[in-house]
Amino acid sequence: MNPFTYDSIASGDSFYDRKDETQRVVQTLLGGNNMVLFAPRRYGKTSLVYKAMEQLSALGVDCVYMDWMPVYSLESFAEQYLKALSKKQTIPEWIASHLSSITSLRPTVSFDTMGKPTFSVDFTEQKVTTATIADILDIPEQMASSGRRVVVVMDEFQEVMKLSKYNMEALLRSKIQLHKHANYLFLGSKTHLMQNMFMRHSRPFYQSASTMQLSLLPEQDTTRFLQERFGKDGIGIRQEECLYIMKQVDNIPYYIQLLSAEVWQALMPNGKEVTRELIDTCCRQVIRLKQDYYYELFSRLAGTHKKVLLAIAKRGKNIFSAEYIREHRLVAASTVQKAVRLLQDEGIVDKEQDTYFVADPFFRRYLLQTYE
Ligand SMILES: Nc1ncnc2c1ncn2[C@@H]1O[C@H](COP(=O)(O)OP(=O)(O)O)[C@@H](O)[C@H]1O
Ligand SMILES: [Mg+2]
């Protein structure tokens, strides 16, 4: 079996480093504070938080994990949240009996063949109202005050903005700030949106949580991980080639594993040594597999956006400076700003500190090799 995984949450011995970060998450939440953790997609937020939830659960905390990605309406939020609340760490019967007091919900608990309770809920109203949502939002605190400690993780939290016409952000904030026994951890990928939410004076979540930014994994730890993983199958890889892999994929954890999985695949069953040439071949292979998608992605962008994206693929620092604009034959800083915002909203471009970058390093390479 391929020792590298990239299509699920990294856990067990597939997960390395992040000890300090995990501890900080655990301690902050145990200390009764709320927290926001942001980093670009595929840096390892969800994996890190699963690790932290493991540790919190071991300490007797009920952890509720809710993903905002599939939410598109109040109903879907209610469904996702109730499902999350009734999952393994909590008791379906408790939720069910508790929900009976919310008249617009009809909860049921059924038992599977193993006698394990499962929970589902029907809505008696045509449309779920914000009043019902407000009741649902209080459940974690009620669970907690009956003797349990509860931590609620809200992943991809920037998606709350999909419900902005219901003022969901403000509603959530008004509830959460009264919760004394339930604590919240917000994760987000679109860093510009998350930063606005938690750092702008005018926003409901302004300064409401302790902030933590997740950076890339240290090169030394990645080197150790790669050498150990390849080594198990008798494959050698020198430090130089480890660094070369990291460099090809801008050191992003997900792509490190993806590229390493390709390299491993190409070497099995009899390969002995990872070489630079092989890494190059594998990069080309990944791009070849994705080129139709990349072509589509690029071709549906407007002209200015294409130009800005190509410029960022080359260099992402000081992109609003006069010199940059001249060098890349862009029009004006304001045009670049607008284009970058759209590219960020689409998840095509991301930003770390003051540097912009193409979120998918293979897309960046595709752009450079195709259009330059
Ligand atoms: N600490 C880690 N150790 C090993 N692999 C990791 C780690 N963090 C992330 N990864 C790799 O990156 C992939 C994406 O991680 P994920 O937690 O889903 O990122 P995010 O939630 O930030 O998008 C994982 O499947 C794994 O391959
Ligand atoms: Mg995630």
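Caption draft 1: Examining the environment of Val340 more closely. If you trace the backbone, Val340 turns up in helix 15 (residues 333-345). Take Val340: there are 23 C-beta atoms within 10 Å of it, and that puts it in the buried class. Once the C-alpha coordinates of Val340 and Thr281 are considered, the two residues, 59 residues apart in sequence, prove to be 32 Å apart. Residues in contact with Val340, not counting those within four places in the same chain, are Val308, Val349 and Tyr356.

Caption draft 2: Local environment of the sheet that holds strand 5 (residues 149-155). Ordered in space as 2-5-6-1-7, the 5 strands form an open sheet in which the pairing is parallel. Where the open sheet ends on each side, the last strands, each with one partner, are strand 2 (61-67) and strand 7 (210-213). The average angle at which neighbouring strand axes cross in this sheet is 15°, direction not considered. As judged from the 5 bridges shared by strand 5 and strand 6 (residues 182-188), these two strands associate in the parallel manner. Counterpart to Val152 in the pairing with strand 6 is Tyr184. The sheet contacts of helix 1 (residues 19-30) involve strand 1 (35-38), strand 5, strand 6 and strand 7, and relative to strand 1 the element is tilted by about 160°. Contacting strand 1, strand 2, strand 5 and strand 6, helix 2 (residues 45-58) runs over the sheet at an angle of about 160° to strand 2.

Caption draft 3: Quick look at the domain arrangement of the protein chain. Domain annotation of the protein chain identifies domain 1 (18-213), domain 2 (217-300) and domain 3 (301-372). Each of domain 1 and domain 3 was reduced to a C-alpha centroid, and the two centroids are 34 Å apart. Opposite the 5 residues of domain 1 that make contact, domain 3 presents 6 residues. For the side of domain 1 that touches domain 3, the class distribution of residues is 1 nonpolar, 2 polar and 2 charged.

Caption draft 4: Broad picture of unusual backbone geometry. A cis amide bond links Met268 to the next residue, Pro269, at an omega of 5°. Mapped onto the fold, Pro269 is located in the loop between helix 11 (253-267) and helix 12 (276-299). Of note, Asp17 is a non-glycine position whose phi angle comes to about 60°, a positive value. Structurally, the position occupied by Asp17 is in the segment before helix 1. Given 17 C-beta atoms within a 10 Å radius, Asp17 is considered partly exposed. Positive phi values are uncommon outside glycine, yet Asn318 reaches one of about 50°.

Caption draft 5: Geometry of the site of ligand 1. Ligand 1 sits among 21 residues. The nearest are Gly44, Lys45, Thr46, Ser47 and Pro253. Elements with a contribution of two residues or more to the shell around ligand 1: helix 2 and helix 11. Looking at the shell around ligand 1 residue by residue, the class counts come to 9 nonpolar, 7 polar and 5 charged. Inspection of the shell around ligand 1 shows a minimum of three residues originating in each of domain 1 (18-213) and domain 2 (217-300).

Caption draft 6: Quick peek at the nonpolar core. Residues Val152, Val153, Met154, Leu185, Leu259 and Ile312 are the most contacted members of the largest nonpolar core, which totals 97 residues. Setting aside anything within four residues of it in sequence, one finds Ile312 in contact with Ile319, Val349, Tyr356, Phe357 and Val358.

Caption draft 7: Structural view of helix 12. In this model helix 12 runs 32 Å from its N-terminal to its C-terminal C-alpha over 24 residues, within 8% of the 34 Å that 1.5 Å per residue would give. The sharpest bend along helix 12 reaches about 60° and sits at Lys290. Taken as a whole, helix 12 has its buried residues at Ile279, Cys282 and Val286. Structurally, helix 12 contributes buried residues whose contacts are with helix 10 (239-248), helix 11 and helix 16 (361-371).

Caption draft 8: Broad picture of the pairing of strand 1. The alternating pattern of strand 1 places Met35 and Leu37 on one face and Val36 and Phe38 on the opposite face, and all of these are buried. Bridge count between strand 1 and strand 6: 4 bridges; the pairing is parallel. For Phe38, the partnering residue across the bridge sits in strand 6 and is Gly188. Examined bridge by bridge, strand 1 and strand 7 share 4 bridges and lie parallel to one another. In the strand pairing of strand 7, Phe38 is matched with Gln213.

Analysis parameters
- Residues numbered from 1 in each chain as written.
- Chains lettered and ligands numbered in written order.
- Predicted model: local features only at pLDDT ≥ 70, side-chain atom pairs only at ≥ 80, totals over all residues.
- Helix = DSSP H or I, 4+ residues; strand = E, 2+ residues; numbered from the N terminus.
- Buried ≥ 20, exposed ≤ 12 C-beta atoms within 10 Å, placed from the backbone.
- Contact = placed C-beta atoms within 7 Å.
- Pairing = 2+ DSSP bridges.
- Axes fitted to C-alpha atoms, helices over the stretch in contact; angles between N-to-C directions.
- Domains from an automatic or database assignment.
- Nonpolar A, V, L, I, M, F, W, Y, C, P; charged D, E, K, R; others polar.
- Near = placed C-beta within 6 Å.
- Core = buried A, V, L, I, M, F, W, Y, C linked by C-beta atoms within 7 Å.
- Expected span 1.5 Å × (residues − 1).
- Bend = angle between axes of the 7 residues up to and from the residue.

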